[in-house]
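# Chains, contacts and geometry: an overview
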Amino acid sequence: MYSFQRILVFLVGISIPFNQITASFAGRNWSLGIFSCSLYFLSILPWMGGGVKLARAYGSSIWNIVFWVILLQMMNMLYFDGGTFYYPVSLVMCIVFFITLLLHDLYDRGAIRWVIYGMGFGGILVAVLFMLGVGVSINPNSGRLEMFGENPNVMGIYMGISSIVVLNEFILRDVFRLRAGRYVLFGTYVPMVYLILETGSRTAFLIFAASLIVTVGLLPAKTKLLKVLLFFGGVIILFFLGKWFLDSDISVLRRLTETVESNDTSGRDELILGYMPTILTHPLGVGQTGAVEISRKVFGGTHVFLGIESCYSPHNVIVEILLYTGVLGLVLWGMFWANVSRCAWRAFKDEKNLTPILLLLPVAAVILSAQVLTEKWAYIIYAYILSAGHSPSAIPLRKRTLLRQISCVRDGRCYSSSHGSKGR
């Protein structure tokens with residue numbers, strides 16, 4: 001059963017870059033991502049009775065988000081004026097998925113890593129298809145490269161996350177014990193980087209560049225000499241990569257040049273300034289329903305997707321939270337992000353696992369420049385980091401005992417929460 005669920009969660013990770021691919025089933029269209037998540041969720045249903053133990057194990061990490069959703073819905077009801085009433089369905093689905101991942105990892109310690117590995121393999125698959133010209137198109141409006149109809153910014157961020165997993169988990173940490181064979185994966189890492197650059201996503205480029213610099217600076221080494229050699233080797237690679245980048249005519253270079261020369265931020269500044277008066281006069285926010293009305297008045301329109309009307313996104317999650325739920329909502333999310341950050345640092349300090357810190361980079365970049373509240377990949381990263389920071393050697397003894405109790409099968413056979421080996 002554990003192996004089957006790990007396969008399903010692995011497929012969920014692979015499906016993320018292919019979220020725009022849909023198929024008809026049972027009278028409706030299903031995206032590949034929703035279909036894989038549904039199968040995975042059904043496989044975890046027998047364990048849903050462990051919700052109380054889950055709350056005890058992860059405490060405020062879950063409650064902060066749950067309380068925020070309750071606050072959001074209260075504000076939606078308060079500012080409902082008979083027009084558009086917004087149900088945060090996508091947000092709730094992401095949170096349920098987040099809780100499901102944590103619950104799965106409590107019963108099968110280490111299982112959550114497989115969704116991260118799936119994201120890495122998904123990126124490899126996209127890179128191979130990109131080199132073969134499969135699924136590649138050019139957006140007629142922006143002139144930017146797309147893969148399988150996915151937004152170029154979103155695809156660029158996916159590939160940035162995948163490049164972190166491939167380099168640090170598959171190549172440097174060699175999690176699959178390929179030994180010398182792991183270096184073959186550099187053959188897929190290079191086209192992944194090239195695809196990031198060709199999407200023209202400035203956020204994705206900054207994610208990739210920052211992750212590479214942090215990897216070179218913090219990568220654990222057995223000796224100081226090896227650490228020095230790795231550092232200078234990384235500097236040389238970055239130098240030649242930067243030289244090739246500046247000599248190339250690629251989308252992201254043109255867009256970065258526009259940002260510097262003409263202060264082109266794709267309208268982000270205007271959106272943030274347009275919402276600021278509402279934020280300053282409504283310290284508890286106006287909910288999503290109130291934000292729709294503000295969007296109509298200030299910008300003369302709203303965003304409509306699948307028949308659902310919403311306000312124009314400010315492309316800044318902090319501003320978005322303040323707009324919806326005010327200072328209290330930002331405090332709840334701030335506490336959650338602080339806990340996730342502590343777990344990432346704990347995993348690095350205690351387990352020498354650099355991946356959680358690196359995966360904070362795309363989350364932080366998107367918080368400041370895009371929208372992440374309803375992005376499934378962000379909740380995968382949250383769950384993975386919380387799990388990594390709650391490893392058996394890093395969590396208090398009381399919670400370690402709880403994890404061992406949860407990992408026991410009722411017929412008397414027990415599985416070690418760290419290695420999954422049988423015992424009596």
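Described below are features of the structure shown in this document.

## Thoughts on the overall build of the protein chain
Regarding its fold elements, the protein chain presents 17 helices and eight strands. Looking at the protein chain as a whole, 50% of its 424 residues qualify as buried. Residue pairs in contact within the protein chain that sit at least 24 positions apart in sequence constitute 71% of those at least 6 positions apart. Carbon and sulfur atoms make up 66% of the accessible area of the protein chain, which totals about 20,400 Å².

## Some words on the packing of helix α7 (residues 152-172) against helix α16 (residues 376-389)
Two elements in contact, α7 and α16, have axes separated by 11 Å at closest approach and are oriented at 30°. One way to sum up the angle between α7 and α16 is to call them roughly parallel. Along the contact surface, α7 presents Ile157, Tyr158, Ile161 and Glu169, while α16 presents Trp377, Ile381 and Tyr384. Split into classes, the residues belonging to the contact of α7 with α16 amount to six nonpolar, no polar and one charged.

## Topic: helix α1 (residues 2-15)
The end-to-end C-alpha distance of α1 is 20 Å, a good match for the 20 Å that 14 residues give at a rise of 1.5 Å each. Among the residues making up α1, those that are buried are Gln5, Leu8, Val9, Phe10, Val12, Gly13, Ile14 and Ser15. Lining the buried residues of α1 we find α2 (32-44), α5 (89-107) and α6 (113-132).

## A word on empty space enclosed by the protein
Tallied over the entire structure, the rule returns two cavities of 30 Å³ or more. Estimated volume of the second largest cavity: approximately 30 Å³. If you trace the second largest cavity, you find it lined by Ser163, Ile164, Leu167, Asn168, Tyr189, Ser211, Leu212 and Thr215. Breaking the lining of the second largest cavity down by element, the ones donating at least two residues are α7 and α9 (202-218). With four residues, α7 is the single largest residue contributor to the lining of the second largest cavity. Split by residue class, the lining of the second largest cavity holds four nonpolar, four polar and no charged.

## Points about the packing of helix α4 (residues 60-78) against α5
Running from N to C, α4 and α5 cross one another at 165°; their axes reach a closest spacing of 11 Å. The orientation of α4 relative to α5 falls into the category roughly antiparallel. Seen from above, α4 lies across α5 with left-handed handedness. Of the residues in α5, those touching α4 at Ser61, Ile62, Ile65, Trp68, Val69 and Leu72 are Leu91, Val92, Ile95, Phe98, Ile99 and Leu102. Residues that form the contact of α4 with α5 fall into these classes: eleven nonpolar, one polar and no charged.

## Structural notes on the nonpolar core
The biggest cluster of nonpolar side chains holds 104 residues, and the ones touching the most others in it are Trp68, Phe98, Trp333, Phe336, Trp377, Tyr379 and Tyr382. When sequence neighbours within four positions are dropped, the list of residues in contact with tryptophan 333 reads Ile65, Trp68, Ile321, Leu373, Tyr379 and Tyr382.

## Structural notes on the side chain of threonine 325
The residue threonine 325 is located in helix α14 (residues 317-351) in this model. Taking relative accessible area as the criterion, threonine 325 reaches 0% and is therefore assigned buried. Discounting residues that sit within four places of it in the chain, threonine 325 has contacts with Trp68, Leu71, Leu72, Leu284 and Gly285.

## Observations concerning the environment of glycine 33
Residue position: glycine 33 is located in helix α2. With 16 residues separating them in the primary sequence, glycine 33 and proline 17 have C-alpha atoms 8.6 Å apart.

## With respect to the packing of aromatic side chains
In this structure the tally under the stated criterion is 26 aromatic pairs. Ring centres of tryptophan 333 and tyrosine 382 lie 6.4 Å apart, and the angle between their planes is 50°; on these two criteria the pair is classed as tilted. With tryptophan 333 in helix α14 and tyrosine 382 in helix α16, this residue pair connects regions lying 49 residues apart in the sequence. Here tryptophan 333 matches tyrosine 382 in class, with each residue buried. Here the aromatic residues Trp68, Phe98, Trp333, Phe336, Trp337, Tyr379 and Tyr382 are joined through ring pairs into a cluster of three or more.

## Regarding unusual backbone geometry
One non-glycine residue with positive phi stands out, namely phenylalanine 148, at about 55°. Among the secondary structure elements, phenylalanine 148 is positioned in the loop between β4 (145-147) and α7.

## Overview of a nonpolar patch on the surface
Together, Phe35, Leu39, Phe41, Leu42, Leu45, Met48, Val92 and Val96 make up a nonpolar patch on the protein surface, roughly 610 Å² of accessible area in all. For the nonpolar patch, the elements supplying multiple residues, two or more each, are α2 and α5. Among the elements that make up the nonpolar patch, the one with the highest residue count is α2 (four residues). Along the polypeptide, phenylalanine 41 turns up in helix α2. According to the relative accessible area criterion, phenylalanine 41 is partly exposed, its value standing at 32%.

Procedures and definitions
Residues numbered from 1 in each chain as written. Predicted model: local features only at pLDDT ≥ 70, side-chain atom pairs only at ≥ 80, totals over all residues. Heavy atoms only, no water. Helix = DSSP H or I, 4+ residues; strand = E, 2+ residues; numbered from the N terminus. Buried < 20%, exposed > 50% of the residue type's maximum accessible area, 1.4 Å probe, protein only. Contact = heavy atoms within 4.5 Å. Areas by Shrake-Rupley, 256 points an atom, 1.4 Å probe, with all protein chains shown as cover. Axes fitted to C-alpha atoms, helices over the stretch in contact; angles between N-to-C directions. Parallel < 35°, antiparallel > 145°, perpendicular 65-115°, else oblique. Nonpolar A, V, L, I, M, F, W, Y, C, P; charged D, E, K, R; others polar. Expected span 1.5 Å × (residues − 1). 1 Å grid on protein atoms, 1.4 Å probe; cavity = no way out; pocket = protein on both sides within 12 Å on 5 of 7 lines; lining within 4 Å. Points joined across faces, edges and corners; volume = space filled by probe spheres on them. Left-handed = near helix turned anticlockwise from the far one by under 90°. Core = buried A, V, L, I, M, F, W, Y, C linked by side-chain atoms within 4.5 Å. Phe/Tyr/Trp six-rings, centres within 6.5 Å; stacked < 30°, edge-to-face > 60°. Patch = residues over 30% accessible without salt bridge, like charges linked within 9 Å, V, L, I, M, F, W, Y side chains within 5 Å. Salt bridge = Lys/Arg side-chain N within 4 Å of Asp/Glu carboxyl O.

So, to be careful, I would describe these as geometric facts and stop short of saying anything about function.
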